[in-house]
Amino acid sequence: MKIWQRICRILGCVALCVALAGCDLLPGERAQVEELLRAPQLSGDYGAIQTALNEWLGESAQLKYPMQGDLLSPFLMQDLDGDGQQDAAVLYTTPQSSNVCIAILQRREDGTWKVQQNVEGLADTVETVSLAQLRSGEACQLVVGYMAAQGDHYLAVYAYTEGVLSTILEQPYQQYLVEDITGGGHQDLILMSTLEDGGVQIELLTVNRDGMFQQLAVMGLSANKFSGCAAVAAGIGSDGKNYLVLDGWTGISGNNLASVLLRFDEDSQQMVPASQIGTEELYNASLRNVPGLVSRDLDEDGVVEIPTQPEEAGLLNMSQGRRMDFIVWMDYTSRQPKKSFGLLDEETNCYIELPMEWEGNLKLTDSAGYEGAVELRTLDQDQLVMTVRYVKSSASAAGWTKLGIVASRQMQAKLAPDVEIEDPNYRLSKALHLLN
């Protein structure tokens with residue numbers, strides 16, 4: 001769409017120049033110009049939906065694409081009301097609307113689409129959009145994150161029931177997560193926001209029998225520790241319970257990160273700190289000075305790992321100006337919390353997993369044999385362990401292990417000839433993790 005908009009602007013300028021020059025177009029030429037300036041029509045259901053929306057509005061709608069998230073299309077195709085038939089939700093704006101609008105369409109028996117209802121959103125930009133199952137049953141709800149021009153964030157939840165599109169939540173937020181954190185069999189809504197006097201507030205909302213949100217828990221994190229919320233993730237602990245990991249901004253500059261591990265207590269119906277590790281202990285252990293290094297399910301096993309920087313972290317490759325850090329990813333719900341050890345390249349935001357047995361005995365140096373490469377060597381005897389380099393994506397990998405493509409370049413690694421890895425499950429070819 002951006003390319004088409006650029007073409008339209010160019011053609012518009014050409015048409016304006018022709019008009020200003022006093023040149024009259026013949027009828028056939030004028031029709032050709034009008035055809036070029038007309039917005040392109042999408043094919044299939046998307047094209048039919050767009051046509052039905054334009055006819056209902058009486059003008060051409062401008063489709064609005066979410067800025068980030070898993071769903072990046074202005075069209076959402078889903079059974080929204082649970083009647084077994086697919087519905088369509090469209091994000092758009094018109095010259096008459098100051099904010100993004102959402103239209104709901106249903107398919108007729110003859111296969112055509114009909115607009116049922118629309119609603120105006122909370123800002124002119126859609127940051128994220130997702131489908132959630134916040135109620136029991138087959139129906140889905142729309143969760144839309146808006147961003148205003150001044151940078152404020154607003155969250156809205158929409159439900160479509162019996163032909164009526166209703167707004168069941170509108171609230172400012174900083175971060176949000178849709179996840180079953182209470183174990184109730186349907187998804188809950190977790191909202192994070194920064195308080196006026198500092199600190200972070202965590203709000204847990206769930207839908208009651210009447211279909212409206214009710215607040216189950218509110219928890220505040222001290223302003224002495226946190227100045228804002230950077231990220232939030234939910235996962236399963238080693239005990240099978242649901243856990244929430246909050247990464248908060250901290251430090252004098254507010255650019256450092258530390259983590260909080262929480263779980264939902266059924267007895268008190270509140271979010272409480274995990275009992276496996278003390279809050280202060282976790283704060284100190286997870287304190288890190290890499291702004292983009294947030295907690296995540298690194299190995300996709302359902303557990304959220306928290307990154308920590310060991311004592312030898314914070315290495316700086318002086319000749320290349322590349323900051324690299326040794327990272328240990330931890331599962332603090334487990335009796336054996338260490339999950340993964342490796343090297344983080346801050347320039348490309350990628351992580352190379354290394355054998356756990358190497359932890360505590362590595363240093364990073366420039367490679368004398370390969371331009372632009374770095375070497376991992378032992379601290380005690382300065383023996384070469386591994387060489388890592390970036391080369392052109394088309395370069396040969398003969399003698400090297402290809403890790404993957406990072407920032408349009410190929411990352412390769414090579415173990416020293418006499419290096420033996422004790423861990424039988426470790427595979428260098430699968431060691432690269434892109435953290436974007």
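Residues numbered from 1 in each chain as written. Predicted model: local features only at pLDDT ≥ 70, side-chain atom pairs only at ≥ 80, totals over all residues. Heavy atoms only, no water.

A. Representation of the overall build of the protein in the model. Tallying secondary structure elements over the protein gives 4 helices and 28 strands in all. For the protein, buried positions account for 44% of its 436 residues. When contacts within the protein are restricted to residue pairs at least 6 apart in sequence, those whose partners lie at least 24 apart make up 44%. (Helix = DSSP H or I, 4+ residues; strand = E, 2+ residues; numbered from the N terminus. Buried < 20%, exposed > 50% of the residue type's maximum accessible area, 1.4 Å probe, protein only. Contact = heavy atoms within 4.5 Å.)

B. Representation of helix 4 (residues 279-286). Taken residue by residue, helix 4 has Leu 282, Tyr 283 and Ser 286 as its buried positions. Looking straight down helix 4, one finds its buried side chains confined to an arc of 105°; they lie on one side. (Arc of directions from axis to C-beta.)

C. How the structure looks around the sheet that holds strand 11 (residues 188-194). The strand order across the open sheet built from 4 strands is 10-11-12-13, with neighbouring strands paired in antiparallel fashion. At either margin of the open sheet sits one strand with a lone partner, and together these are strand 10 (175-179) and strand 13 (213-221). Going from strand to strand, the sheet's axes swing by 15° on average, the running direction of each strand aside. Pairing of strand 10 with strand 11 involves 5 bridges; the strand directions are antiparallel. Bridging across to strand 11, Tyr 176 finds its partner in Leu 191. (Pairing = 2+ DSSP bridges. Axes fitted to C-alpha atoms, helices over the stretch in contact; angles between N-to-C directions.)

D. Seen up close, the sheet that holds strand 17 (residues 270-273). An order of 14-15-16-17 is seen for the 4 strands of this open sheet, with the pairing classed as antiparallel. Each edge of the open sheet is held by one strand with a lone partner, namely strand 14 (228-236) and strand 17. Neighbouring strand axes in the sheet, compared pairwise and without regard to direction, differ in orientation by 35° on average. Where strand 15 (residues 242-250) lies against strand 16 (residues 256-265), 8 bridges are found, and the strand directions are antiparallel. In the sheet register, Leu 246 faces strand 16, and the bridge partner there is Val 260. Against the sheet, helix 4 touches strand 15, strand 16 and strand 17, its axis set at about 145° to strand 16.

E. Representation of the environment of Asp 345 within the structure. By secondary structure assignment, the location of Asp 345 is in strand 21 (residues 338-345). Each C-alpha atom, one on Asp 345 and one on Asp 325, is 6.8 Å from the other, the two residues being 20 residues apart in sequence. Of note is the side chain of Asp 345, whose polar atom sits 2.6 Å from the side chain of Tyr 390. (Polar contact = N/O pair within 3.5 Å; in protein donor to acceptor, adjacent residues only side chain to side chain.)

F. Quick peek at the packing of aromatic side chains. Per the counting criterion, the structure on display carries 6 aromatic pairs. With a centroid separation of 4.7 Å and 15° between ring planes, the pair formed by Tyr 46 and Phe 75 is classed as stacked. Of this pair, Tyr 46 sits in helix 3 (residues 44-57) while Phe 75 sits in strand 2 (residues 75-78), and the two are 29 residues apart along the sequence. Residue Tyr 46 is classed as partly exposed on the basis of its relative accessible area, which comes to 36%. Their ring planes at 80° and their centres at 5.0 Å tell us that Tyr 370 and Trp 400 sit as a pair that is edge-to-face. Separated by 30 residues along the polypeptide, Tyr 370 in the loop between strand 23 (362-366) and strand 24 (374-378) and Trp 400 in the loop between strand 25 (384-392) and strand 26 (401-406) bring together distant segments of the chain. The exposure class assigned to Tyr 370 is partly exposed, which follows from its relative accessible area of 30%. (Phe/Tyr/Trp six-rings, centres within 6.5 Å; stacked < 30°, edge-to-face > 60°.)

G. Region of the structure containing a negative patch on the surface. A cluster of acidic residues, Glu 357, Asp 418, Glu 420, Glu 422 and Asp 423, forms a negative patch on the protein surface. Here Asp 418 lies in the loop between strand 27 (409-415) and strand 28 (432-434). (Patch = residues over 30% accessible without salt bridge, like charges linked within 9 Å, V, L, I, M, F, W, Y side chains within 5 Å. Areas by Shrake-Rupley, 256 points an atom, 1.4 Å probe, with all protein chains shown as cover. Salt bridge = Lys/Arg side-chain N within 4 Å of Asp/Glu carboxyl O. Lys, Arg positive; Asp, Glu negative; His and termini not counted. Charge placed at Lys NZ, Arg CZ, Asp CG, Glu CD.)

H. Focus on the nonpolar core. Counting 36 residues, the largest nonpolar core has Ile 352, Leu 354, Leu 362, Leu 376, Met 386 and Met 411 as its most contacted members. Every residue in contact with Met 411, bar those within four places of it in the chain, is listed here: Cys 350, Ile 352, Val 388, Arg 389, Tyr 390, Thr 401, Lys 402, Leu 403, Gly 404, Val 406 and Leu 432. Counting 22 residues, the second-largest nonpolar core is a separate cluster that includes Met 192, Leu 204, Cys 229 and Leu 244. (Core = buried A, V, L, I, M, F, W, Y, C linked by side-chain atoms within 4.5 Å.)

Everything listed here is a matter of geometry and, on its own, says nothing about what the molecule does.
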